Every structure is written in structure tokens, then in C-alpha cells.
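Okay, here's what each chain looks like letter by letter:
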Amino acid sequence: MAKKSKDRLPRKPYEAELLRLQYELVKLQEWVRAEGVRLVVVFEGRDAAGKGGAIKRVTEYLNPRIARVAALPAPTERQRGQWYFQRYVEQLPAAGEIVLFDRSWYNRAGVEKVMGFCTHEEYQQFLHQCPTFERMLIEAGILLRKYWFSVSDVEQERRFRDRMADPMRQWKLSPMDIESISRWEDYSRAKDEMFVHTDIPASPWNVVESDDKRRSRINMIAHLLGSVPYQEVRRPEVELPPRPESQGYRRPPRDLQKYVPDHASTLADGRPS
């Protein structure tokens, strides 16, 4: 089992810097809204590489009506008969929106390629069309950022074992995740070939070293903020109006309504009685 890195970013500076960066993300969000910007952020990488945790920290203080996560399930039978990129196009942002793809169209170059879920012809067509598709997005004015979270095989296995032992996180460990251990080199080759075809000047891949989750989150968010020319947008000041005097309203008797039981009153020393 892997030992935790000695270079792990300590919690105190991590939390302080994360909060500062999250404040900047709120500024970014307000700029996107005010300027009608369309921002797409793609999160890719191996299983247990830390994509979900990074997305959670990015969105923690953002308005879900402006910033949303697209994590698509397996395609339906009808979607399998569509142009491959079609269901992802439906998730693209309108003006003033941010969409974070928790895995994306790159499924075809990764899990579908390795697990045989697509044909060789479909895979080759994807590699040919993907750069053109992304150039089209960029030419249409969409800001596209792509992040690949890189984790070592030893650290990945440690995280899998942690999930196996944690009943609150066992749902995060799927049969596909287990399969990724025995197919480690297949996924490595698929990733390398994907980079050859899709790491282009118009939409480059940004690799995030993620054996230390704290460092990876800080590095990824700082890079995203530094790559977007956002500016602070001044929001109009809000003042609370004075509360008007009572006009004789009387609240109905409490026994006429059904209240949630006071479970909190059963707690003793932090534990349910």
C-alpha cells in the first residue's frame, strides 16, 4: 500500500488558499454572467484521479443557475444512433453560463476504446473529428479549458482500497474502476494516442499531477483563473427595507400544522440516544 507523500500540502495553507481561489471563482462567475461569456471546462483522467473532488471545490460557492456540472450516463439506444458529439452539444452553455464536464466526449478515446465499447472505425473517426469539433466551439466564442488529472498506479490502488473500506464511498467503486487496474497500460497507451491527436494549440491539454489531492485542486483552480481574462464586476449595493408595522396578522395555532420531529433534542454527546 502506498504511503502518503511527504510533500503533501498541509491543511492550513491549503484551506486558506482554496478559500481565496474560491472567492476569485465567484468573481469569474459574475464576469461570465455580466459579459455573456460561455465557458466550458473538461475534467478527464484515470479513475480515482481526483476529478470529482476538484469539481466539488470549484462549484462550492457558485450559483448553480450559472455554473452546472454535466456528468452524462451511458448513452441510450437512441443516442447511440446519433452523431457521437450530439448529446454533448446539448449540454453546452448558453451566454452567461459555465459548464463543467465530469468526463466528456473523450470517453470514446478512453474507456470506450479500451473496453471495446466502440468499433475501430468509430474510434478513428473520433480522433479525426475531435480537433475540428473543438475548433468549431472556440470559433463560436466558447472558452474551452481541458484538464487531465494524472495519478500514479500506486496511489490509484490506495484510493480504491480506501473506498472499499468506507461504506460511505463504496458507491464510487464500480466494476469498471476495478477493471482499470488490470488495464493500466492499455489506458496509458490510449491516453498517449489521444494526446497526439487532440493536444492542439487551439485547445491544449493541461495536465494536473494529482497524487496529492490538495495540491491538484489548488493548481487546477489557479490555472483556470489565470487562463481566463475575467474582471471584477461591481454588483449594485443592496439595502434591506424597514420592516413594516404589523397589520394585525396572527399566525395559526401550531397544533394545526405537522412539524418535523425534534430529532436534535435526542442527541447526547453528539450521538443519537
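Everything here concerns the structure above.
Residues numbered from 1 in each chain as written. Predicted model: local features only at pLDDT ≥ 70, side-chain atom pairs only at ≥ 80, totals over all residues. Heavy atoms only, no water.

### Some words on the overall build of the protein chain
Helix and strand content of the protein chain: 10 helices and 7 strands. Once local pairs closer than 6 in sequence are excluded, the contacts in the protein chain between residues at least 24 apart make up 79%. As displayed, the protein chain has an accessible area near 17400 Å², and 52% of this comes from carbon and sulfur atoms. Side chains of the protein chain carry 46 positive and 40 negative charges; the gap between the two charge centres is 4 Å. (Helix = DSSP H or I, 4+ residues; strand = E, 2+ residues; numbered from the N terminus. Contact = heavy atoms within 4.5 Å. Areas by Shrake-Rupley, 256 points an atom, 1.4 Å probe, with all protein chains shown as cover. Lys, Arg positive; Asp, Glu negative; His and termini not counted. Charge placed at Lys NZ, Arg CZ, Asp CG, Glu CD.)

### Let's talk about the pattern of salt bridges
Enumeration according to the criterion identifies 21 salt bridges in this entry. Taking the shortest distance from any N to any O, the salt bridge between Glu134 and Lys146 comes out at 2.9 Å. Within this pair, whereas Glu134 is found in helix H6 (residues 120–139), its partner Lys146 is found in strand S4 (residues 143–150), the two being separated by 12 residues in sequence. No difference in accessibility class separates Glu134 from Lys146, as the two residues are buried. (Salt bridge = Lys/Arg side-chain N within 4 Å of Asp/Glu carboxyl O. Buried < 20%, exposed > 50% of the residue type's maximum accessible area, 1.4 Å probe, protein only.)

### Section: the environment of Pro13
Checked against the element boundaries, Pro13 lands in helix H1 (residues 11–35). Separated by 11 residues in sequence, Pro13 and Glu24 place their C-alpha atoms 17 Å apart.

### Here's the deal with the sheet that holds strand S1 (residues 38–45)
The 5 strands are arranged S2-S3-S1-S4-S5 in an open sheet whose pairing can be described as parallel. The open sheet has two edge strands, strand S2 (67–70) and strand S5 (205–209), and neither has a second partner. Neighbour-to-neighbour, the strand axes of the sheet open up by a mean angle of 20°, direction not taken into account. Along the sheet face, helix H2 (residues 51–59) touches S1, S2, strand S3 (97–102) and S4 and points at about 155° away from the line of S1. (Pairing = 2+ DSSP bridges. Axes fitted to C-alpha atoms, helices over the stretch in contact; angles between N-to-C directions.)

### Remarks on the packing of H6 against helix H9 (residues 184–198)
In the contact formed by H6 and H9, the axes pass within 9 Å of each other and the chain directions differ by 40°. With respect to their mutual orientation, H6 and H9 come out oblique. With respect to the hand of their crossing, H6 and H9 are arranged in right-handed fashion. Contacts between H6 and H9 pair Tyr123, Gln124, Leu127, Cys130, Pro131 and Glu134 from the former with Glu193, Met194, His197 and Thr198 from the latter. Counted by class, the contact of H6 with H9 contains 5 nonpolar, 3 polar and 2 charged residues. (Parallel < 35°, antiparallel > 145°, perpendicular 65-115°, else oblique. Left-handed = near helix turned anticlockwise from the far one by under 90°. Nonpolar A, V, L, I, M, F, W, Y, C, P; charged D, E, K, R; others polar.)

### Topic: the side chain of Glu112
Mapped onto the fold, Glu112 is located in helix H5 (residues 111–115). Not counting chain neighbours up to four residues away, the residues in contact with Glu112 comprise Tyr84, Asn107, Phe117 and Cys118.

### A few points about the packing of aromatic side chains
Each aromatic ring pair is specified by the distance between its two centres and by the angle formed by the two planes. Counted by the stated rule, this structure contains 19 aromatic pairs. Measuring from ring centre to ring centre gives 5.4 Å for Tyr84 and Phe85, while their planes differ by 75°; the resulting arrangement is edge-to-face. By relative accessible area, which is 1% here, Phe85 ends up buried. Here the aromatic rings of Phe101 and Trp105 are separated by 5.3 Å at their centres, their planes lie at 65°, and the arrangement is edge-to-face. Members of the aromatic cluster, joined through ring pairs, are Trp83, Tyr84, Phe85, Tyr88, Phe101, Trp105, Tyr106, Phe126, Phe133, Trp148, Phe195 and Trp205. The positively charged end of Arg46 is found above the aromatic ring belonging to Trp184, 3.5 Å away from the centroid. For the cation-ring pair, Lys113 lies above Tyr123, with the distance from its terminal atom to the ring centre recorded as 4.6 Å. (Phe/Tyr/Trp six-rings, centres within 6.5 Å; stacked < 30°, edge-to-face > 60°. Lys NZ or Arg CZ within 6 Å of the ring centre and 35° of its normal.)

### Concerning the side chain of Arg46
If you trace the backbone, Arg46 turns up in the loop between S1 and H2. Buried charge Arg46 goes without a salt bridge, the closest partner of opposite sign being Asp192 at 7.2 Å. Polar side-chain contacts of Arg46 include one of 2.3 Å to the side chain of Ser188. Ignoring sequence-local partners within four residues, the contact set of Arg46 consists of Lys51, Arg103, Trp148, Phe149, Val151, Gln156, Trp184, Tyr187 and Ser188. (Polar contact = N/O pair within 3.5 Å; in protein donor to acceptor, adjacent residues only side chain to side chain.)

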